[in-house]
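Descriptive analysis of the structure
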Amino acid sequence: MPPLPLLKADCSACAALCCMALPFDKGEAFARDKPALHPCPNLVRHGCTIHDRLEPAGYRGCVLYDCLGAGQRVVQEVFAGADWQADATLRAPMAEALGILRRIHAALELLVTAESLTLPEALAQERQTLIAIFHPEARWSPESLRGFAVSGADARLRGFLAALRPHVAPP
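So, here's what we can say about the structure.

Details of the packing of helix α4 (residues 91-113) against helix α5 (residues 121-134)
Between two packed helices, both the angle of their axes relative to each other and the distance between the axes serve to describe the pair. At their nearest, the axes of α4 and α5 sit 10 Å apart, and the two run at 155 degrees to each other. Taken as axis vectors, α4 and α5 run roughly antiparallel relative to one another. For the crossing formed where α4 meets α5, the hand is left-handed. Taking contact as the criterion, the partners of I104, A107, L108, L111 and V112 in α4 are, on α5, R127, L130, I131 and F134. Split into classes, the residues belonging to the contact of α4 with α5 amount to 8 nonpolar, no polar and 1 charged.

Here it is in structure tokens:
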């Protein structure tokens with residue numbers, strides 16, 4: 001099995017996917033509305049013009065969001081360095097890939113955390129199997145991510161997480 005990906009955002013290796021892909025509604029977390037697949041008005045190339053003052057400017061949601069490293073993988077691995085700003089037809093496929101890979105990274109984060117639990121052999125083996133499902137040896141592609149999204153892996157993960165309840169001490 002290849003080493004697990006970095007489950008932490010590296011914005012310098014991304015193309016500001018979250019600033020284009022994600023929608024936001026004006027309110028407590030965002031100073032304005034922005035539809036999905038449209039660049040944030042504060043974005044210039046791949047940089048945020050208000051990054052050093054996001055919260056005071058009304059963009060607390062940006063501060064709270066973490067792609068868990070999915071953004072850089074979508075740009076660098078899934079789309080081989082392609083840029084939605086140079087090719088607008090990539091907006092929707094890159095946004096779709098970001099959504100799916102973000103879920104995969106969140107699952108991997110949970111599976112890594114579960115390693116600290118003392119589990120019976122069957123659950124420990126299921127954890128390893130799930131890691132292999134969520135982190136296959138083959139690189140992700142737009143097609144393989146779409147297939148993964150409908151594969152039932154999320155349901156299997158939910159079943160595994162439910163089975164962990166007796167092994168987690170209450171806070």
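Anyway, onward from the coordinates.
Some thoughts on unusual backbone geometry
Residues apart from glycine generally show negative phi values, whereas peptide bonds are mostly found in trans. Its identity as a non-glycine residue notwithstanding, L68 has a phi of 60 degrees, on the positive side. Looking at where L68 falls in the secondary structure, it is placed in the loop between α2 (60-64) and α3 (70-78). For L68, a relative accessible area of 6% translates into the label buried. Positive phi outside glycine occurs at A80, with the angle close to 45 degrees. Structurally, A80 can be placed in the loop between α3 and α4.

Regarding helix α7 (residues 153-163)
Among the residues of α7, those classed as buried are A153, L157 and F160. One face of α7 carries all of its buried residues, which in axial projection span an arc of 60 degrees.

Let's talk about the nonpolar core
Grouped together as the largest cluster of nonpolar side chains are 45 residues, with contacts concentrated most on L17, I104, F134 and F160. Broken down by secondary-structure element, the contributors of at least two residues to this core are α1 (17-21), α3, α4, α5, α6 (142-149) and α7. If near-sequence neighbours (up to four positions away) are discounted, F160 is found in contact with L111, A114, L119, L123, E126, R127 and L130.

As for the environment of I133
Take I133: it is sitting in helix α5. A relative accessible area of 29% places I133 in the partly exposed class. With 12 residues separating them in the primary sequence, I133 and L145 have C-alpha atoms 12 Å apart. Not counting chain neighbours up to four residues away, the residues in contact with I133 comprise W140, F148, A153 and R156.

A word on the packing of aromatic side chains
Across all of its chains, the model carries 5 aromatic pairs by this definition. On the basis of an interplanar angle of 10 degrees and a centroid distance of 4.2 Å, the ring pair of F24 and F30 is categorised as stacked. Side by side, F24 and F30 carry an identical accessibility label, which is buried. Both rings, one in W140 and one in F148, keep their centres 5.3 Å apart while their planes meet at 75 degrees; by these two values the pair is edge-to-face.

Rules used in this analysis
Residues numbered from 1 in each chain as written. Predicted model: local features only at pLDDT ≥ 70, side-chain atom pairs only at ≥ 80, totals over all residues. Heavy atoms only, no water. Axes fitted to C-alpha atoms, helices over the stretch in contact; angles between N-to-C directions. Helix = DSSP H or I, 4+ residues; strand = E, 2+ residues; numbered from the N terminus. Parallel < 35°, antiparallel > 145°, perpendicular 65-115°, else oblique. Left-handed = near helix turned anticlockwise from the far one by under 90°. Contact = heavy atoms within 4.5 Å. Nonpolar A, V, L, I, M, F, W, Y, C, P; charged D, E, K, R; others polar. Buried < 20%, exposed > 50% of the residue type's maximum accessible area, 1.4 Å probe, protein only. Arc of directions from axis to C-beta. Core = buried A, V, L, I, M, F, W, Y, C linked by side-chain atoms within 4.5 Å. Phe/Tyr/Trp six-rings, centres within 6.5 Å; stacked < 30°, edge-to-face > 60°.

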